[in-house]
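# Observations on the three-dimensional arrangement
Here is how the chains run, residue by residue.
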Amino acid sequence: MTTVTALLHDKSGQSVQTLPPDASVLEAIRLMAEYSIGSVLVAEAGRPVGIVTERDYARKVILMGRSSADTRLSDVMSSPVLSVASSDSIEHCMQMMTDHKIRHLPVLDGDSLAGMVSIGDLLKALLEQRQREIEQLQQYITG
């Protein structure tokens, strides 16, 4: 069973991008474009209070006719933030994402932000895990 810790270790060097609740949606979109990411964590005093995703932008800004420059993240962010612990399994993360129809999960160790995992990260890890299992079975059979 692969844990989120192992997943974050493979993603080392990638920092979680955060903005305060009073930042504009335009700032968040620019940050997502700059880092090629699909979400920005909204944090206040170092604690996550929400998350803004490309989906939030499409549904809560564009479709509602709002201005990206004039709309605050606090007006469109998804809150409360669902999160996982670094000790959780990737299967648990996949179940949470499926149940809640989300694509990004912040990883918290207590109150401290340890990282962020996406559905792509989890799928990659699951595929690698299955490939290792197949190789082990093939070695056992041909033994």
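The structure under discussion appears in the preceding block.
What you are looking at is a predicted structure, and each value in this text was computed from that prediction instead of being measured.

### Concerning the pattern of salt bridges
Scanning all chains against the criterion turns up two salt bridges. With a closest N to O distance of 3.3 Å, Lys 60 and Asp 56 form a salt bridge. Residue Lys 60 and its partner Asp 56 are both found in helix α3 (residues 54-62); the two are separated by four residues, about one turn of the helix.

### Let's talk about unusual backbone geometry
The amide bond that connects Ser 79 to the next residue, Pro 80, takes the cis arrangement and shows omega of 0°. Its identity is not glycine, yet Ser 36 carries a phi of approximately 50°, on the positive side. Of note, Ser 36 is situated in the loop between α2 (25-35) and β2 (39-44).

### Points about the pairing of strand β5 (residues 112-118)
Strand direction decides the pairing type here: strand β4 (residues 104-109) and β5, joined by six bridges, are antiparallel. Looking at β5, one finds that Pro 106 is bridged to Met 116. Between the antiparallel neighbours β4 and β5 lie two residues, among them Gly 110 with a positive phi of about 70°.

Rules used in this analysis
Residues numbered from 1 in each chain as written. Predicted model: local features only at pLDDT ≥ 70, side-chain atom pairs only at ≥ 80, totals over all residues. Heavy atoms only, no water. Salt bridge = Lys/Arg side-chain N within 4 Å of Asp/Glu carboxyl O. Helix = DSSP H or I, 4+ residues; strand = E, 2+ residues; numbered from the N terminus. Pairing = 2+ DSSP bridges.

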